[in-house]
Amino acid sequence: MSDRALRIGLPIVMLAIAVLVWHFVVQIFTLPPYVLPGPGLVATTLIADGNLLWNSLLVTLLTTFEGFLLAAVGGIGLAILFNQSRLVEYSFYPYAVILQVTPIVAIAPLLLIYLPQPLAVLVCAWIVAFFPVLANTTLGLSSVDHNLLALFDLYKASRWQVLWNLKLPSALPQILAGLRIAGGLSLIGAVVAEIAAGSAGAGSGLAYRIAESGYRLNIPRMFAALILLSLAGVAIFYALSAMSYLVLRRWHESALARER
Amino acid sequence: MPLPPSPVTERPAAGRPIVALRGVGKTFERGTVALEAFDLEVREGEFVSLLGPSGCGKSTALRIVAGLSTASKGLVEWPNGAGKIGFVFQEPTLMPWANIASNVQLPLKLANANEAASGTAVRQSLDRVGLTDFADAFPRELSGGMKMRASIARALVTEPQLLLMDEPFAALDEITRFKLNNDLLAVWYALRRTVIFVTHSVFESVYLSQRIVVMTPRPGHVFAEIAIDAPYPRDERFRTSAEYGGFCRQVAEALGKAMATGGAS
């Protein structure tokens, strides 16, 4: 079998085995659905509640996407500022770190007090997603080949030319790696904030559905929503990986197959 | 009515000084003294090599000429004003994200040159180094020797007065190096640019240069200047001639003595 067939086939086989084991465990021990619903029940719930869950998914995805976009713009923008001015970097970098190391679960309730709920959720998504973009872009912008920098100096390139023609393209692999992490984190941020908002909020995101179903002991729906959330995460990851591949495929080692 | 200036160009040997380093010293921040009382005068159209062991400050001298590094002591003089400079690094130093044509075009782009005119210049420059068919290739698709050719094409694209080369062929295999030596000489002979070539190879410096400046180990200064009075164009016949062997012996002896004065390394 080819490597490609194995790479796609094996996870599918593993999934099938896991679902079967799950199914038989539920059957053999006759577990009630509020302890552990079987895969069949979860699937029917997914279809029966499809409309509701789909709309919730869209709400969460929209927040995730907005958070990601703001994180990308903010992270790259701030990294460029840091790179241009040491003073700005010294002034703000510690606070970016503080924002990052403080657990988002702890910040979310506070944000929910001061901001309307959709905005608070968005800010949470932004806070967690923004740091990897900042850190990676900063690293990328400062690891430019010194000889190329010397070459640009020799030809009296302006600051703008160095940034646009040298530093940004050179940092592209790191920027894209940062964005790939940020995509997943943005989803996590949105989910955390929705959960924190919980029943207090008027939200309708997917994580809110999970919290709500939990209060109602609607365990099958919790599972269905959870599956949708992971699928969304996987989709985000692969979309960003594909973007990274498309951008880098002509020149960067990470996007090229090794010849043996 | 006065006559127009004669179109006949001066013989390179009789060229005017283009750049001169007088008593140049360079001490790095950590206290390393790379150059001490270094004197060098380079004339228009000349091919000069700086020869010395690694760490003798020859690259530093080259970077000072290029303005990439500043002298701690002494003067850098440009009798006719500073002209355009081309620089070839030890590594090809190409932008991996841009194809060969864009890499070669870079100096023109940074000078905001006219797009059409720079297209012609890029093609010409690529032709000169034999890379015409590789304009659209990316650096990683080329061999080490071809990358170095691209790097030379980039340095030539602005038609610089002075071409500075910092051990450009040191990382290449011998066969490729010989080929590039010949091609470089052909380009130099055709264009009559001034070249300052840094190397640690006695054989390479003798083959290429009109004049070799032998440097002492750190702190580097000039130990001897040796003229290589062999006619151009030079080719494989010169490389295998007794005359070439004689020059190599003479230069190697000078280098040996220069090393002995340094003590360290």
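Since the model is a prediction, treat every value here as computed from it, not as a measurement.

(A) How the structure looks around the overall build of chain B. In terms of helices and strands, chain B carries eight helices and nine strands. Taking 265 residues into account, the globule formula puts the C-alpha radius of gyration at 18 Å, and chain B, at 19 Å, falls close to it. In terms of overall dimensions, chain B has C-alpha extents of about 55 × 55 × 45 Å along its principal axes. Residues counted as buried form 42% of the 265 residues belonging to chain B.

(B) Representation of unusual backbone geometry. In this structure, B:P233 follows B:Y232 across a cis peptide bond, with omega equal to -5°. Considering the arrangement of structural elements, one finds B:P233 in the loop between β9 (222-227) and α7 (236-239). Despite not being glycine, A:L217 shows a phi value in the positive range, around 55°. Among the structural elements, A:L217 can be located in the loop between α9 (206-215) and α10 (219-248). The exposure class assigned to A:L217 is exposed, which follows from the 11 C-beta atoms found within 10 Å. Unusually for a residue other than glycine, B:A37 sits at a positive phi of about 45°. Checked against the element boundaries, B:A37 lands in strand β2 (residues 33-43).

(C) Summary view of the sheet that holds β2(B). Residues and elements named next belong to chain B. Read from one edge to the other, the open sheet built from three strands follows the order β2-β1-β4, with strand pairing classed as antiparallel. Both outer strands of the open sheet, β2 and β4 (73-77), are each paired with one neighbouring strand and no more. In this sheet, neighbouring strand axes are inclined to one another by 10° on average, regardless of whether the strands run parallel or antiparallel. As judged from the seven bridges shared by strand β1 (residues 17-27) and β2, these two strands associate in the antiparallel manner.

Thresholds applied
Residues numbered from 1 in each chain as written. Chains lettered and ligands numbered in written order. Predicted model: local features only at pLDDT ≥ 70, side-chain atom pairs only at ≥ 80, totals over all residues. Helix = DSSP H or I, 4+ residues; strand = E, 2+ residues; numbered from the N terminus. Rg over C-alpha atoms; globule rule 2.2 N^0.38 Å. Buried ≥ 20, exposed ≤ 12 C-beta atoms within 10 Å, placed from the backbone. Pairing = 2+ DSSP bridges. Axes fitted to C-alpha atoms, helices over the stretch in contact; angles between N-to-C directions.

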